[in-house]
Amino acid sequence: MNSASAAKPVIMSTDMSTEEVQNKAFIPEHVAIIMDGNGRWATARGLDRSEGHVEGVTTVRRITEEASELGLKYLTLYTFSTENWNRPKEEVDALMTLIVTAIERETPDLIKNNVRLTSIGDLDRMPDFAAERLRACMRRTSQCNGLTLVLALSYSSRWEIVEAARRLVAEAARGEIKPEDVTDELFASYLSTAGMPDPDLLIRTGGDKRISNFLLYQIAYTELIITPTYWPDYSRADFRTHIAEFGKRQRRFGLTGDQVIASETNNPKP
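This structure is a prediction, so every number in the text was calculated from the model and none was measured.

A.B. asks: Is there a simple way to explain the packing of aromatic side chains in this structure?
C.D. replies: Here a ring pair, both rings aromatic, is described through the centre-centre distance and the interplanar angle of the planes. This model, assessed by the stated rule, comprises seven aromatic pairs. Each ring, one from Phe187 and one from Tyr217, has its centre 5.3 Å from the other, and the planes form 45°; the classification is tilted. Here Phe187 is found in helix H7 (residues 184–188), whereas its partner Tyr217 is found in the loop between strand E5 (201–204) and strand E6 (223–226), with 30 residues between them in sequence. Residue Tyr217 is classed as partly exposed on the basis of its relative accessible area of 21%. Here the aromatic cluster, defined as three or more aromatic residues joined through ring pairs, consists of Tyr78, Tyr155 and Phe214.

A.B. asks: Which parts of the structure should I look at to understand helix H4 (residues 89–112)?
C.D. replies: Spanning 24 residues, H4 covers 35 Å between terminal C-alpha atoms, matching the ideal 34 Å at 1.5 Å per step. Its axis deflected by about 40° at Glu106, H4 carries its strongest bend there, up to four residues before the proline Pro108. Here the buried face of H4 lies against helix H3 (49–70), strand E2 (74–81), strand E3 (116–120), helix H5 (128–140) and strand E4 (148–155). Just downstream of H4 lies Asn114, where phi reads positive at about 65°.

A.B. asks: Help me understand the pairing of E6 in this model?
C.D. replies: Regular strands have side chains that alternate between both faces of the sheet. In E6, alternate side chains face the same way, and those of Glu223 and Ile225 are buried while those of Leu224 and Ile226 on the opposite face are not. Here four bridges tie E5 to E6, and the two strands are oriented parallel to one another. What sits directly across from Arg204, in E6, is Ile226.

A.B. asks: How do you make sense of the sheet that holds E6 when you look at a structure like this?
C.D. replies: Pairing between sheet strands relies on hydrogen bonds along the backbone, with the strands arranged either parallel or antiparallel. Within the open sheet, the six strands sit side by side as E3-E4-E2-E1-E5-E6. Their pairing is parallel. Only two strands of the sheet have a single partner each, and these edge strands are E3 and E6. Across the sheet, the axes of successive neighbouring strands diverge by a mean angle of 20°, strand direction being ignored. Across five bridges, the pairing between E3 and E4 is parallel. Within E4, the residue paired with Ile120 across the bridge is Ala152.

A.B. asks: Explanation requested: the packing of H4 against H5 in the structure shown.
C.D. replies: Two quantities define a packed helix pair, namely the angle between the helix axes and the distance between the axes. H5 packs onto H4 with a crossing angle of 10° between their chain directions and a minimal axis gap of 10 Å. It follows from the interaxial angle that H4 and H5 lie roughly parallel. Contacts from Met96, Thr97, Val100, Thr101, Ile103, Glu104, Thr107, Pro108 and Ile111 of H4 reach H5 at Phe129, Ala130, Arg133, Leu134, Cys137 and Arg140. Looking at side-chain class alone, the contact of H4 with H5 contains nine nonpolar, three polar and three charged residues.

A.B. asks: Mind showing me how you'd approach the pairing of E5 here?
C.D. replies: Of the two faces of E5, the one carrying Leu201 and Ile203 and the one carrying Leu202 and Arg204 are both buried. Sheet analysis places strand E1 (residues 30–34) next to E5, joined by four bridges and oriented parallel. When the sheet's bridge partners are listed, Ala32 is paired in E5 with Leu202.

A.B. asks: Help me out: how do you make sense of the pattern of salt bridges in this one?
C.D. replies: Pairing between side chains of opposite charge can happen when their charged atoms approach one another. According to the stated counting rule, one finds 23 salt bridges in the structure shown. Between Arg61 and Glu106 there is a salt bridge, with its nearest N and O atoms 3.2 Å apart. Taken together, the positions of Arg61 in helix H3 and Glu106 in helix H4 put the pair 45 residues apart, joining distant regions of the chain. Between Arg210 and Asp208 there is a salt bridge, with the nearest N and O atoms lying 3.1 Å from each other. A single salt-bridge network, built from bridges that share partners, covers Arg61, Glu65, Glu66, Glu69, Arg105, Glu106, Asp109, Arg236 and Arg240.

Criteria and cut-off values
Residues numbered from 1 in each chain as written. Predicted model: local features only at pLDDT ≥ 70, side-chain atom pairs only at ≥ 80, totals over all residues. Heavy atoms only, no water. Phe/Tyr/Trp six-rings, centres within 6.5 Å; stacked < 30°, edge-to-face > 60°. Helix = DSSP H or I, 4+ residues; strand = E, 2+ residues; numbered from the N terminus. Buried < 20%, exposed > 50% of the residue type's maximum accessible area, 1.4 Å probe, protein only. Expected span 1.5 Å × (residues − 1). Bend = angle between axes of the 7 residues up to and from the residue. Contact = heavy atoms within 4.5 Å. Pairing = 2+ DSSP bridges. Axes fitted to C-alpha atoms, helices over the stretch in contact; angles between N-to-C directions. Parallel < 35°, antiparallel > 145°, perpendicular 65-115°, else oblique. Nonpolar A, V, L, I, M, F, W, Y, C, P; charged D, E, K, R; others polar. Salt bridge = Lys/Arg side-chain N within 4 Å of Asp/Glu carboxyl O.

Read these as spatial facts, not as claims about activity.
Here's what the structure looks like:
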């Protein structure tokens, strides 16, 4: 779980280069993104919804590149929710094919840029051809130690929490865990994000003001940014703007502003 640390507020123009943001902003360790608006982007242009998803893949590439250049450690993208299985079969089939084809195409560049690919979610629910190809790409990038790109696929936060609870109950029934052993840290170790820091920043594109069953346990103290920009139009500059906005915020974690300032004074960042 994240410790109660805080970023120093900074004043900056949001029209900054990658290097300027690196030099002046508090760079979050982990950014999560709800990539929304592909279908609406396509509909507004008189295109089939699938065209929006295709264009959205291009955005994934540029934002992953920008995240890597900025020095983020984790980028988690809400790629396909369990609720998305309820969409028309034709759209779901097209999405599955698009996702794995795009991942395979991008894997050599991920390796070149030292990006490790991993996933969270119920992969057993995915078609065999998609799950097998995805796992193959993850194995190919497993030695990379730069940015970790996390794809939330067939993912639901409620599903994840219930699965964690089931595992805890099963171990308790076998006498391996006592009720008093269960802590925040222990419970988090049963989630699919075990070993990852909680997101510092959650960005949602497309303008909807909801979390949509994404990382509900992990975002307890995450900073939120909602932009009306549809995901296919989301640019590197937009991402830098939001990283800059994050750098201006004072994260208090339940403390007062004065307490945070005093802590920063007594424990300055290196």
